[in-house]
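# Overview (structure and organization)
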Amino acid sequence: MPPADSALDATMIARARRLLKGPEVRERVWPALCAAAFAASTALALATAMILAPPVTTTPIVERTR
């Protein structure tokens, strides 16, 4: 027993479903990339400052000369 023929065209139904679905929203990459670059540059600046900073003295200078 063959299936009943439909009066609807399958390709047109698929096209209508695609049109009703709407466009896909794509995420932008630039904000995340800029935030990562800012975080990396800040980390490098902090590391440079920690390396170039003079050492911290925990004892008074007078006690070290004795």
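Quick caveat, the model's predicted, so the values are computed rather than measured. (Residues numbered from 1 in each chain as written. Predicted model: local features only at pLDDT ≥ 70, side-chain atom pairs only at ≥ 80, totals over all residues. Heavy atoms only, no water.)

## With respect to the overall build of the protein chain
What counts here: Put simply, DSSP marks the helices as runs of H or I at least four residues long and the strands as runs of E at least two long, and each gets a number from the N terminus on. A simple rule labels every residue: compare its accessible area, found with a 1.4 Å probe on the protein chains alone, to the largest value its type can have, and call it buried under 20%, exposed over 50%, or partly exposed in between. Surface accessibility in these figures is a Shrake-Rupley result with a 1.4 Å probe; residues are shielded only by whichever protein chains are displayed.
The secondary structure content of the protein chain amounts to 3 helices and 0 strands. For the protein chain, the sequential pattern of α-helices and β-strands runs α-α-α. Considering the protein chain as a whole, with its 66 residues, one finds that 0% of them fall into the buried category. Put simply, the protein chain shows about 7000 Å² of open surface, and 67% of that area lies on carbon and sulfur atoms.

## A word on helix α1 (residues 10-21)
Applied cut-off: Expected span of a helix, by definition, is 1.5 Å for each gap between consecutive residues, and there is one gap fewer than residues.
The terminal C-alpha atoms of α1, which comprises 12 residues, lie 17 Å apart, in line with the 16 Å expected from a rise of 1.5 Å per residue. The element α1 is barely covered by neighbouring structure, given that only 0 of its 12 residues are classed as buried.

## Describing the confidence of the model for the protein chain
Low pLDDT marks stretches whose predicted atomic positions should not be read closely. Put simply, the test is: pLDDT expresses how confident the predictor is about each individual residue, on a scale running from 0 to 100.
In the predicted model, the protein chain carries a mean pLDDT of 84, and 82% of its residues have values of at least 70. Ranking the elements of the protein chain by mean pLDDT puts helix α3 (residues 61-65) last with 65 and helix α2 (residues 30-52) first with 96.

## Observations concerning a nonpolar patch on the surface
The condition that has to hold: Like charges are joined within 9 Å and nonpolar side chains (Val, Leu, Ile, Met, Phe, Trp, Tyr) within 5 Å, but only among residues with over 30% relative accessible area and no salt bridge; these make up the patches. The salt bridge definition used is simple: a Lys or Arg side-chain nitrogen within 4 Å of an Asp or Glu carboxyl oxygen.
On the surface, V29, W30 and L33 cluster together into a nonpolar patch covering about 370 Å² of accessible area. Turning to its location among the elements, V29 is positioned in the loop between α1 and α2. The exposure class assigned to V29 is exposed, which follows from its relative accessible area of 56%.

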